[in-house]
Amino acid sequence: MTEFFTPYLGDQGAWFVATLIGILLIALPVMLAVAIVIYVDRKVWAAMALRRGPNVVGPFGLLQSFADALKVFLQETIVPTSANRGLFLLAPIITFTVALIAWAVIPFGPGLVLADINVGLLYILAASSLGVYGVIIAGWSSNSKYPFYSALRAAAQMVSYEVSIGFVLISVVLWAGSFHLGTIIEAQRGVFGFFNGFAINPLLFPMWVVFLISALAETARAPFDLTEAESELVAGYQTEYSSMAFALFWLGEYANVLLMCALNAVLFWGGWLPPIDWAPLYAVPGLVWLILKMAFFFFVFSWIRATVPRYRYDQLMRLGWKIFLPLSLFWVFLVSGFLMLTRYGGTA
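Here is a short report on the structure shown in this document. Note that the structure is predicted; figures quoted are calculated from it, not measured.

### Notes on the environment of Gln12
Step number 1: Along the polypeptide, Gln12 turns up in helix 1 (residues 2–48).
Step number 2: Sequence spacing of Gln12 and Leu339 is 327 residues, and the spatial spacing of their C-alpha atoms is 45 Å.

### A word on empty space enclosed by the protein
Step number 1: Following the criterion strictly, the structure yields three cavities of 30 Å³ or more and no others.
Step number 2: Reported here for the largest cavity is a volume of approximately 240 Å³.
Step number 3: The wall of the largest cavity is formed by 19 residues, among which Met158, Glu218, Thr219, Glu253 and Asn256 lie closest to the centre.
Step number 4: The set of elements that each furnish at least two residues to the lining of the largest cavity consists of helix 5 (131–141), helix 6 (145–176) and helix 10 (243–268).
Step number 5: At six residues, the largest contribution of residues to the lining of the largest cavity is made by helix 10.
Step number 6: By residue class, the composition of the lining of the largest cavity is nine nonpolar, seven polar and three charged.
Step number 7: Around the second largest cavity sit Ile124, Leu125, Ser128, Glu162, Ile165, Leu169, Phe211, Glu218, Met260 and Leu263, which together line it.
Step number 8: Contributing elements (two or more residues each) for the lining of the second largest cavity: helix 4 (120–129), helix 6, helix 8 (205–218) and helix 10.
Step number 9: Looking at side-chain class alone, the lining of the second largest cavity contains seven nonpolar, one polar and two charged residues.

### Describing the layout of surface pockets
Step number 1: Counted as a void, the largest pocket has a volume near 740 Å³.
Step number 2: Lining the largest pocket are 23 residues, and of these Pro29, Val30, Phe108, Leu287 and Ile291 lie nearest its centre.
Step number 3: When contributions to the lining of the largest pocket are tallied by element, the ones reaching two or more residues are helix 1 and helix 11 (286–307).
Step number 4: Residue classes in the lining of the largest pocket are distributed as 21 nonpolar, two polar and no charged.
Step number 5: Roughly 470 Å³ of internal volume is contained in the second largest pocket.
Step number 6: If you trace the second largest pocket, you find 19 residues lining it, with Ile38, Ser65, Asp68, Ala69 and Trp250 closest to the centre.
Step number 7: Counting residues per element, the ones that place at least two in the lining of the second largest pocket are helix 1, helix 2 (64–74) and helix 10.

What counts and what doesn't
Residues numbered from 1 in each chain as written. Predicted model: local features only at pLDDT ≥ 70, side-chain atom pairs only at ≥ 80, totals over all residues. Heavy atoms only, no water. Helix = DSSP H or I, 4+ residues; strand = E, 2+ residues; numbered from the N terminus. 1 Å grid on protein atoms, 1.4 Å probe; cavity = no way out; pocket = protein on both sides within 12 Å on 5 of 7 lines; lining within 4 Å. Points joined across faces, edges and corners; volume = space filled by probe spheres on them. Nonpolar A, V, L, I, M, F, W, Y, C, P; charged D, E, K, R; others polar.

The following block contains the structure:
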């Protein structure tokens, strides 16, 4: 794309315009996808509770999310008198921005990536860890008891499960031999001769389970939504927010959920590759396969939210520190030892 604009804008101008177009081609569909998955989320919960869900605004209720967006856009932004105004308004912006920047390295197909860097996985780990700052700043700047409690919970929860996610990613990197997401996807081609994905590998399947559960905790989804436990904290760190500030938190939350669905597909289920290594399936564009896998994992997230009761906070911490951390650390040694004996012939 840069080459197309170079004759008209020069090298720097062409790079800027091409990058801006690439950002918009990712950010706008992600925002549209967030509106759609909020509707899908509510429909899944309703179906599992034998209710109708959104069914009034537009055909089958499809426009409900857009009506909700218009409603919050037209509301007044109220800042509590005792709040730190600057930080109070900055917090949702941080949450929303951080949720989007990680999408820069997600490969949607061969060559379909905004920033094709060779340490894409490290970039995602770094970007996703920044999300906790928005929650902490929101809780502290509100100058209110329940949001502050929520901020403390969020900090402990996200740190706890990021450690486990980090060790899970080390196992994947060891097996694929690269931090580059495209290389990781290609390494999943033809596992056992017919399946595209690390998840069928007996050594990596347990790490996928740990990653899936840790992703629920990392995005504060049920049953780990202790940061906004309505029976204890009113609405957690979002309690004092209204209008577009509140909407930015929602957009950031669901963009993070979609990101975790994409990472599940990319790291363990073959990304843009079809599920089975069979030539006719490659006729379907890789972007379609990735979207289908993301849709399946989002359904799993909604399914869990609709059926699993919320954990107590001590159970959440115990699962992260006493089960997932030792298990994922042990698995790093197990995977590296297996690779040393088989792939590298026992030589360092």
